[in-house]
Amino acid sequence: MEREKINKGFAEMFKNGVIMDVTTPEHARIAQEAGACAVMALERVPSDIRKDGMVARMSDPGMIEAIMASVSIPVMAKVRIGHFMEARILEALGVDFIDESEVLTPADESRHVDKSQFKVPFVCGARNLGEALRRINEGAAMIRTKGEAGTGNIVEAVRHMRAINEEIDALKGLDEHQMIQKAAEMRVPLAIVKQTRELGRLSVVNFAAGGVATPADAALMMALGSDGVFVGSGIFKSQNPPKMAHAIVQAVIHYQDPKRLAEISKNLGSAMIGLEAKTLAVKMAERGI
Amino acid sequence: MLVGLLGLQGAFLDHIPHLKRCGVAYTIVRDREVLGRIDRLIIPGGESTVMSKFLLEFNMLQLLTQRIQDGMPVWGVCAGAILLAAQVDGRPGSVGVLPISVTRNAYGRQVASDTQPVDVPQLNLLNYPAIFIRAPRIDKVGAGVTTHAVRGQDPIFVQKDQLMATTFHPELNSDDCFHRYFIGL
């Protein structure tokens, strides 16, 4: 219980910030200098994972450690869904946060990691309220939209954030009996449904992820109620990564100010190449529900 | 009284329920204009590197220093304490107005974050559950700085005149003791 409070509290500190995917210590330093509030250390950014196919696993702990040594901001790293041993390894390594991520190839098709058994906090992806509450119930200290990683296409992240918001809104109209039904339908305890209804939001920090490629995308997700933004391939697959990174951070700060967003969005070079959702061979968001 | 919450990054919204219960008005500070018209300021927990970067880039640092010199009360929480400190990891701090030396993340990474029961006589608190998150350590306090609470030997709640700093996170607890104290400064 105490650990839960410390870990959920840590996630609060990321709010109104941008967490960036980095693959080298040099990229980590660029991210930190641009204003990232944390970095996600991984061997390949999602767009390359998507292109390469093949099984994607936890990154080399040596590589993660080198990134941890190169920056002062928190460092996150990814494990495969359900792969509690990769999680044990990253916890032993001392990473600040673990992303149990659909971007990697799932290790277990029916179970996620029992996150309540760990000292280190976890963030998990969700497409809807049921997924979000199941992950929180398993011990996630933070939620993010799944979006569709590595596409540079914001449409799925928008769909997932709106779905979560609308489902939370819809809880308001339910009577006791309907809430019991809803909890059963979502396969979570009634208490967590009641808590969510009372709060009018998730009980943990909720970030946008999966398809953020421009400052406007980041501001859009903030306006839809995200507490902050993950940017994966969007930075280091753009033409000018330091500039794009800096602009996205500023857009998260000033998302309510279109005039400033216009200034921020000028002359950034080209954003990453986006992929149309309908043409994708692999839908990462369908993993680990 | 208008309390400003520095809104460049971090857990600034977490202070709002406390301020509401204290019955004071608040506003988010993201630019010079708002910084110029608040009566006091909370610098929240978050990433000190991000906040100090944008204080500078948005041209707010000099005005903030000026307002502090003119007597505006400021409370720095965790990263906020780092911003206020005169010395950070042996180098000059960002706002740098509070004569303390701090070491960032001195207690370790997130797995080392913890809750410690601390006594705060100034606020009549015994065994207050102070939440430390990748906390900085205050290594030295300079002239005129009062230490209100310690963790072992380390100061964790210090004050000099209208400036206060906590290396832990009262905003994550449900009581308003620290907020009431700050509003009373």
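First, a word on what this report is: a plain description of the structure on this page. (Residues numbered from 1 in each chain as written. Chains lettered and ligands numbered in written order. Predicted model: local features only at pLDDT ≥ 70, side-chain atom pairs only at ≥ 80, totals over all residues. Heavy atoms only, no water.)

1. So, the overall build of chain B
On a plain count of helices and strands, chain B comes out with six helices and 13 strands. In terms of overall size, chain B behaves like a compact globule, its C-alpha atoms giving a radius of gyration of 15 Å where 185 residues would be expected to give roughly 16 Å. A total of 185 residues make up chain B; the buried ones form 61% of that total. The long-range fraction of contacts in chain B, counting pairs at least 24 apart against all pairs at least 6 apart in sequence, stands at 63%. Split by element, the accessible area of chain B, about 6900 Å² in all, is 48% carbon and sulfur. With 17 positive and 16 negative side-chain charges, chain B shows a separation of 3 Å between the mean positions of the two kinds. (Helix = DSSP H or I, 4+ residues; strand = E, 2+ residues; numbered from the N terminus. Rg over C-alpha atoms; globule rule 2.2 N^0.38 Å. Buried < 20%, exposed > 50% of the residue type's maximum accessible area, 1.4 Å probe, protein only. Contact = heavy atoms within 4.5 Å. Areas by Shrake-Rupley, 256 points an atom, 1.4 Å probe, with all protein chains shown as cover. Lys, Arg positive; Asp, Glu negative; His and termini not counted. Charge placed at Lys NZ, Arg CZ, Asp CG, Glu CD.)

2. Comments concerning the sheet that holds strand E7 (residues 98–103) of chain B
All names here are of chain B. Ordered by their spatial adjacency, four strands build an open sheet running E6-E5-E7-E10, and the pairing between neighbours is mixed. With one partner strand each, in any of the chains shown, strand E6 (91–92) and strand E10 (137–141) form the two edges of the open sheet. In this sheet, E6 lies alongside strand E5 (residues 85–88) in antiparallel orientation, the contact comprising two bridges. Looking at E6, one finds that Val88 is bridged to Arg91. (Pairing = 2+ DSSP bridges.)

3. Concerning the nonpolar core
Formed by 115 residues in total, the largest nonpolar core has its most connected members in Phe14 and Met142 of chain A together with Leu41 of chain B. Setting aside residues up to four positions removed in sequence, Phe14 of chain A forms contacts with Ile19, Cys37, Ala38, Pro74, Met76, Phe97, Met142 and Phe207 of chain A together with Gln9 of chain B. Counting residues in hydrophobic clusters, the runner-up holds 28 residues, among them Val3, Cys22, Leu125 and Ala135 of chain B. (Core = buried A, V, L, I, M, F, W, Y, C linked by side-chain atoms within 4.5 Å.)

4. Observations concerning the side chain of Thr145 of chain A
Residue and element names in this part refer to chain A. Tracing the backbone shows Thr145 in strand E6 (residues 142–145). When its relative accessible area of 0% is taken as the criterion, Thr145 is described as buried. In terms of polar contacts, Thr145 uses its side chain to reach the backbone amide nitrogen of Ala209, at 2.8 Å. Sequence-distant contacts of Thr145, that is, excluding residues within four places in its chain, are made with Ala126, Ala157, His160, Met161, Asn206, Phe207, Ala208 and Ala209. (Polar contact = N/O pair within 3.5 Å; in protein donor to acceptor, adjacent residues only side chain to side chain.)

5. Brief notes about the interface of chain B and chain A
Across the boundary between the two partners, chain B contributes 35 residues, which contact 36 residues of chain A. Buried surface at the junction of chain B and chain A, both sides included, amounts to about 2800 Å², of which 55% is carbon and sulfur. At the junction of chain B with chain A, the criterion picks out three salt bridges. Residue Asp14 of chain B pairs with Lys15 of chain A through a salt bridge whose shortest N-O separation is 2.8 Å. Along the contact surface separating chain B from chain A lie 22 residue pairs in polar contact (both at pLDDT 80 or more). Mapped onto the side of chain B that touches chain A, the elements with two or more residues apiece are helix H3 (48–57), strand E8 (114–120) and strand E9 (125–132) of chain B. (Buried area = accessible area lost by both parts, 1.4 Å probe. Salt bridge = Lys/Arg side-chain N within 4 Å of Asp/Glu carboxyl O.)

6. Some details on the pairing of strand E4 (residues 97–101) of chain A
Residues and elements named next belong to chain A. Extensive coverage of E4 is indicated by the burial of five of its five residues. Looking at chain direction, strand E3 (residues 75–80) and E4 are connected through five bridges and run parallel. Directly across from Arg80, in E4, lies its bridge partner Ser101. Read as a crossover between parallel neighbours, the route from E3 over helix H5 (residues 84–93) to E4 is right-handed. (Right-handed = clockwise from strand over helix to strand, strands pointing away.)

7. Re unusual backbone geometry
Among all residues except glycine, the phi angle is most often negative; among peptide bonds, the trans geometry is most common. Residue and element names in this part refer to chain A. Positive phi is not limited to glycine here, since Met54 has a value of about 60°. The exposed category is assigned to Met54, whose relative accessible area is 64%. Of note, Arg187 is a non-glycine position whose phi angle comes to about 60°, a positive value. Take Arg187: its relative accessible area is 58%, and that puts it in the exposed class.

8. A look at the pattern of salt bridges
What the rule picks out here adds up to 33 salt bridges over all chains. In this structure, the salt-bridge partner of Arg134 of chain B is Asp96 of chain A, at a minimum N-O distance of 3.0 Å. Of this pair, Arg134 of chain B sits in the loop between E9 and E10 while Asp96 of chain A sits in the loop between H5 and E4, each in a different chain. Residue class for Asp96 of chain A comes out buried when judged on its relative accessible area of 0%. The partner of Arg21 of chain B in a salt bridge is Asp176 of chain B, with the nearest N and O atoms 2.8 Å apart. Within this pair, whereas Arg21 of chain B is found in helix H1 (residues 16–22), its partner Asp176 of chain B is found in the loop between strand E13 (163–166) and helix H6 (177–184), the two being separated by 155 residues in sequence. Connected via shared salt-bridge partners are Lys78, Asp99, Glu102 and Arg144 of chain A.

9. Topic: the packing of aromatic side chains
The full count for this structure, using the stated rule, is 14 aromatic pairs over all chains. Measuring from ring centre to ring centre gives 5.6 Å for Phe10 of chain A and Phe97 of chain A, while their planes differ by 35°; the resulting arrangement is tilted. Separated by 87 residues along the polypeptide, Phe10 of chain A in helix H1 (residues 2–12) and Phe97 of chain A in strand E4 bring together distant segments of the chain. Site record: aromatic cluster; members linked through ring pairs are Tyr107, Tyr128, Phe132, Phe157, Phe168, Phe178 and Tyr181 of chain B. Stacked on the ring of Tyr107 of chain B, the Lys or Arg Arg151 of chain B has its end atom at 4.6 Å from the ring centre. (Phe/Tyr/Trp six-rings, centres within 6.5 Å; stacked < 30°, edge-to-face > 60°. Lys NZ or Arg CZ within 6 Å of the ring centre and 35° of its normal.)

Interpretation in functional terms is not warranted from these geometric data alone.
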